[in-house]
Amino acid sequence: MYDLVFAANPALDSALAEPEGLPPALAQRLRQAPLTALTQAYQMAREHHARGLVLCGQILAPLRASPAQVVAVRRLILEAAATGCETVWVTTDATAPRELLRILGEPEGLGFATPLTPWTATIRAATVELWAVAAADDTERATASAAATALHRRILVGGDSGLEPHAAAQRVLPASVLNWPNTLAVWATATNTTLPAGVLRLPTLQPRSRQAVGAGAYGLTLYQPSEAADNTGKTARQSDGWHRLPTEQVCWRSLQVESADGDAAAVAEQLWEVLSPPAATAAHPAPATPPEPLTLVDCQIACGTSIERRIEIGASAAEATRLLRERCAAAAPTIWCERIAASADESLAALGHSRSGGQPGTSNSFTSALADIVTEKEVGGGSDSCDREAAWLALELLEAD
């Protein structure tokens, strides 16, 4: 049982990028993924008898949302309110609540948390204040609002809003504030940035791309002070009070296998052996589980230093992709192969002068020199994944000529 459920960045009015060639049924699932994920978060909040569902980050932009999206959100708010679960809309814009109430028709059970006004409720005999914070001034205002007592909980909710999420979190949530008794901080982020100690990480409810780190809603349980608590009423921020609730409807997977000898059929077969779900036997049937999310797979074939094999993979990729998609459609319809390609992440170090034996003026001097340049940049920390990809492409073009 959770006291509050948190959901970050549902972004209902922002569509996920649709891969080319995606079948209509899967495309429909992808388009509905943000709303379906939010619906599932509400369902979990009701099942766990949560006092509130906290929405933060990008939720629904009044100027961009469609009437159908507005109606769907209003229905979710009202259904939750009917079971005693209030929707807490966290916004750093103090003027936003008025506009949101207008477009949603002022539904019962909708509350707001801003940097100026917290959402306040009584949960398990404790007074809970939930504040939106986007700057150090917001945090100072929230922590100065009332004296923390044994029956008082203060929750600060912030999130990434710029190009430096780590710096933002450190600036908005200084250690002096995080050490306040009965104060918790939640930070919404889609990256793996390092957060200040004690801050609870809240990933995106439904990832928008394969670059996102983590996914799902989170349930929070607020604990009463134990007899062992000190005289300040401070309680431990126990990680077991912060639980992930899976909600993602679309996920991304990167799969890399060693190069298979043979044609497109051999490549597709090798990839299918890795991707195919385990079959349930009659004696041990598969347990009932929620529907599997749509999984978009990027298949990378590791070719070592064989540029010839990389070219073969490129030539057979279209046919191998077709064959693999047919296998998935028949036996694993929630898996979709986005592409099959030679891996661009393999190191070029083995092709350099120090290992390949290449000498200036020999036939492989360009290959070795290019490998040395990329490797030196990587060692110096000034390289990125695009450098390897560009180098492999250059070598493939040179070999093909």
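Above: the structure in question.
Conventions used here
Residues numbered from 1 in each chain as written. Predicted model: local features only at pLDDT ≥ 70, side-chain atom pairs only at ≥ 80, totals over all residues. Heavy atoms only, no water. Helix = DSSP H or I, 4+ residues; strand = E, 2+ residues; numbered from the N terminus. Buried < 20%, exposed > 50% of the residue type's maximum accessible area, 1.4 Å probe, protein only. Polar contact = N/O pair within 3.5 Å; in protein donor to acceptor, adjacent residues only side chain to side chain. Contact = heavy atoms within 4.5 Å. 1 Å grid on protein atoms, 1.4 Å probe; cavity = no way out; pocket = protein on both sides within 12 Å on 5 of 7 lines; lining within 4 Å. Points joined across faces, edges and corners; volume = space filled by probe spheres on them. Nonpolar A, V, L, I, M, F, W, Y, C, P; charged D, E, K, R; others polar. Expected span 1.5 Å × (residues − 1). Bend = angle between axes of the 7 residues up to and from the residue. Disulfide = S-S within 2.5 Å.

A. How the structure looks around the side chain of Q249. Tracing the backbone through its elements, the reader meets Q249 in the loop between β11 (242-245) and β12 (250-258). Classification of Q249 as buried rests on a relative accessible area of 14%. A distance of 2.9 Å separates the side chain of Q249 from the side chain of Q40, its partner in a polar contact. Apart from the residues within four sequence positions on either side, Q249 is in contact with R29, A33, T36, A37, Q40, Q206, P293 and L294.

B. Up close: the environment of A175. Take A175: it is sitting in helix α6 (residues 175-178). Judged by its relative accessible area of 54%, A175 falls in the exposed class.

C. How the structure looks around the layout of surface pockets. Space inside the largest pocket adds up to approximately 870 Å³. In this structure, the largest pocket is lined by 40 residues; those nearest its centre are N9, C56, G57, Q58 and D160. For the lining of the largest pocket, the secondary-structure elements that each account for two or more residues are β3 (86-90), α3 (96-104), β7 (152-159), α5 (165-172) and β8 (183-188). Top contributing element to the lining of the largest pocket by residue count: α5, with four residues. Within the lining of the largest pocket, the residues separate by chemical class into 22 nonpolar, 13 polar and five charged. As a volume, the second largest pocket reaches approximately 390 Å³. Around the second largest pocket, the lining is made up of 17 residues, and of these Q300, R339, A342, A344 and E389 lie nearest the centre. Contributions of two or more residues to the lining of the second largest pocket are made by β13 (294-302), α8 (307-331), β14 (335-342) and α11 (385-400).

D. Focus on helix α1 (residues 24-47). Between its first and last C-alpha atoms α1 spans 32 Å; for 24 residues at 1.5 Å apiece the expected length is 34 Å, and the two agree. Of all the bends in α1, the largest measures some 60 degrees and sits at A33, one to four residues before the proline P34. Looking one or two residues past α1, H49 carries a phi angle of roughly 55 degrees, positive in sign.

E. Unusual backbone geometry, seen in detail. Of note in this structure, H49 is not a glycine but carries a positive phi near 55 degrees. Counting through the fold element by element, H49 comes out in the loop between α1 and β2 (52-56). On the basis of relative accessible area, H49 is assigned to the exposed category, the value being 59%.

F. Main features of the state of the cysteines. Under the counting rule described, the total for this entry stands at zero disulfides. C299 supplies the cysteine sulfur nearest to C337, a cysteine that is in no disulfide, at a spacing of 4.0 Å. According to the relative accessible area criterion, C337 is buried, its value standing at 1%.

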